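# Analysis of the macromolecular model
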Amino acid sequence: MSADASQKVMVASAQACSNIALVKYWGKRDVALNLPVSGSLSIALEALSTRTRMEFNADLTQDTLALGGAAPVAAPARVSTCLDLLRAQAGVRWRARIDSVNNFPTGAGLASSASGYAALVLAAAAALGLPQDRRALSRIARQGSGSAARSIFGGFVEMTAGVRSDGEDAVARPLLEPAAWPLEVVVAITAQEAKAVGSGAGMEISRRTSPFYAAWLAAGEDDLAAARAAVLARDFAALSRVSEHSCLKMHGVMLSSEPALVYWNGATVAAIQRIRALREQQGLAVFFTVDAGPQVKAICGPGAAGAVAQALRAVAGVQAVTMSGLGEGARLLASEADA
Ligand code: PMV
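Quick caveat, the model's predicted, so the values are computed rather than measured.

### Description of the side chain of R87
Note that R87 resides in helix α1 (residues 77–90). Since its relative accessible area comes to 3%, R87 is described here as buried. Apart from residues lying up to four places away in sequence, R87 is in contact with F56, D63, S80, V92, R93, W94, R95, A96 and L128.

Take a look at the structure:
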């Protein structure tokens, strides 16, 4: 953080990794507070990250966001909601200028909101001189995007849905450090454009219309328990089973919504089939997951990522392949030159 009273600015920068859920949440128990209806379990992705510079400035009249070097625009309401919570704690009213850069496509199912809000709240807390309590920051990041609560932490992370109506217990916690089980992820990009229906709107459509929604929720706690146990035991086969099942059940809910939410394209299906064949026919330690978008993420046991990446590159319709290790939690950048 750097504060200069004479210049009336407070500045800090932070970086956060994206994450992908192995046990998904899809639905809210409170839309206004952005409370997930069920818990989730994710891994942080080292190679997909957001860097954000926050500047609170006495002369600004509104919060603005400049994404990827573009001209600043009015910040989305959820950004200001997160900043208001931090401003209230710090007793500061200054508006902020946010400069944020993703090193991957935005809004295409690669969880740019997760890394984005996690970097935002950490940088903002530091700029405002607030303590960087990770649980508290996770709770605030959740108000931006549910998955962002998880990106405050690194490695394997569990998000609890909580039961309190004020959402104080809807918070993420770290389960296992990345080095304790160094899985790798191969991301197959099958389309670059932003998705047609965002996750928040999609979840509401599913809650209102999918005949499978209740069954999906009923299984959530069991899936979470199975995945948590698999992570703590480093049991790759057990984690594969529960993760693929959670993913396909979520897409079953999406597909059975009205209007239907079809996030996949042909290459998504082809990549999934290739991953299943790599495991079942070639014995590779790999399983897939897909979020609210067309990209396929192959989670690989130690040593399998090279062969998986090569196989996915050869799938028709796969435009690019990115490899990632597991990432650390959100961190401050020492100087603005790092941002
Ligand atoms: O919290 P959001 O708005 O980023 O939505 C997350 C939705 C999924 O990625 C499909 C599931 C999840 O648990 O991350």
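### Focus: the site of the ligand
The ligand sits among 14 residues. The nearest are Y25, G146, S147, R150 and S199. Measuring from an oxygen atom of the ligand, one finds a side-chain N or O atom of S113 at 3.5 Å. Expressed as a share of its isolated accessible area of 380 Å², the protein-covered part of the ligand is 91%. Considering only residue class, the shell around the ligand consists of six nonpolar, five polar and three charged.

### Structural notes on the pattern of salt bridges
For the structure shown, the criterion picks out 17 salt bridges. A salt bridge links E158 to R173, with the shortest nitrogen-to-oxygen separation between them at 3.1 Å. With E158 in strand β9 (residues 156–159) and R173 in strand β10 (residues 172–176), the pair connects residues that are 15 residues apart, well separated along the chain. For R279, the salt bridge goes to E280, with nearest N and O atoms at 3.6 Å.

### What to know about the packing of aromatic side chains
Scanning the model with the defined rule gives four aromatic pairs in all. Centre to centre, the rings of F156 and W181 are 5.6 Å apart; their planes meet at 20°, and the pair counts as stacked. Taken together, the positions of F156 in strand β9 and W181 in the loop between β10 and β11 (184–189) put the pair 25 residues apart, joining distant regions of the chain. Side by side, F156 and W181 carry an identical accessibility label, which is buried. Ring-pair connections join several aromatic residues into one group, and the members of that group are F156, W181, F236 and F287.

### Considerations on the sheet that holds β11
The four strands lie next to each other as β12-β13-β11-β14, forming an open sheet whose pairing is antiparallel. The sheet is open, and its two edges are formed by β12 (286–289) and β14 (320–325), each paired on a single side. Averaged over all pairs of adjacent strands, the angle between strand axes in this sheet comes to 25°, irrespective of strand direction. Two strands pair when backbone bridges link them, and β12 and strand β13 (residues 296–300) are joined in this way by four bridges, in the antiparallel orientation. By the bridge assignment, T289 is partnered in β13 with K297.

### Focus on the layout of surface pockets
If a probe the size of a water molecule is rolled over the atoms, the empty space left behind becomes visible. By volume, the second largest pocket amounts to about 240 Å³. For the second largest pocket, the lining is made up of 15 residues, of which K195, A196, V197, V262 and Y263 are closest to its centre.

### Thoughts on the nonpolar core
M54, F56, L83, L86, L120 and V121 are the most contacted members of the largest nonpolar core, which totals 41 residues. Mapped by element, the contributors of at least two residues to this core are β2 (9–23), β5 (40–57), α1, β8 (95–102), α2 (112–127), α3 (134–144), α4 (148–151) and β9. Considering each element in turn, this core owes the most residues, 11 residues, to α2. In this structure, M54 is in contact with M10, V11, A12, L83, A96, R97, I98, L120, A123, A124 and A127, ignoring residues within four places of it in sequence. Ranked by size, the runner-up nonpolar core spans 28 residues in total, among them L48, F104, W181 and I189.

### Here's the deal with empty space enclosed by the protein
Evaluation of the coordinates by the stated rule reveals one cavity of 30 Å³ or more. Estimated volume of the largest cavity: approximately 50 Å³. Residue contributions to the lining of the largest cavity peak at five residues, all from helix α6 (residues 213–232). Its residues assigned to classes, the lining of the largest cavity comprises four nonpolar, four polar and two charged.

### Observations regarding unusual backbone geometry
The omega angle of the peptide bond from E258 to P259 is 5°, so this bond is cis rather than trans. Of note, P259 is situated in the loop between α7 (236–255) and α8 (266–280). The backbone of N34 shows a phi angle near 55°, a positive value even though the residue is not glycine. Mapping N34 onto the fold places it in the loop between β3 (28–30) and β4 (35–36).

### Observations regarding the packing of α1 against α3
Packed helices, taken two at a time, are described by the angle their axes make and the gap between the axes. Remark: α1 packs on α3, axes separated minimally by 7 Å, with the N-to-C direction vectors making an angle of 150°. As the angle between them shows, α1 and α3 are arranged roughly antiparallel. Across the interface between the two elements, R78, T81, C82, L85, L86 and Q89 from α1 touch L137, I140, Q143 and G144 from α3. When its residues are assigned to classes, the contact of α1 with α3 shows five nonpolar, four polar and one charged.

The rules behind the values
Residues numbered from 1 in each chain as written. Predicted model: local features only at pLDDT ≥ 70, side-chain atom pairs only at ≥ 80, totals over all residues. Heavy atoms only, no water. Helix = DSSP H or I, 4+ residues; strand = E, 2+ residues; numbered from the N terminus. Buried < 20%, exposed > 50% of the residue type's maximum accessible area, 1.4 Å probe, protein only. Contact = heavy atoms within 4.5 Å. Near = heavy atom within 4 Å. Polar contact = N/O pair within 3.5 Å; in protein donor to acceptor, adjacent residues only side chain to side chain. Areas by Shrake-Rupley, 256 points an atom, 1.4 Å probe, with all protein chains shown as cover. Nonpolar A, V, L, I, M, F, W, Y, C, P; charged D, E, K, R; others polar. Salt bridge = Lys/Arg side-chain N within 4 Å of Asp/Glu carboxyl O. Phe/Tyr/Trp six-rings, centres within 6.5 Å; stacked < 30°, edge-to-face > 60°. Pairing = 2+ DSSP bridges. Axes fitted to C-alpha atoms, helices over the stretch in contact; angles between N-to-C directions. 1 Å grid on protein atoms, 1.4 Å probe; cavity = no way out; pocket = protein on both sides within 12 Å on 5 of 7 lines; lining within 4 Å. Points joined across faces, edges and corners; volume = space filled by probe spheres on them. Core = buried A, V, L, I, M, F, W, Y, C linked by side-chain atoms within 4.5 Å. Parallel < 35°, antiparallel > 145°, perpendicular 65-115°, else oblique.

It is worth stressing that arrangement in space is one thing and function is another; only the former is reported here.
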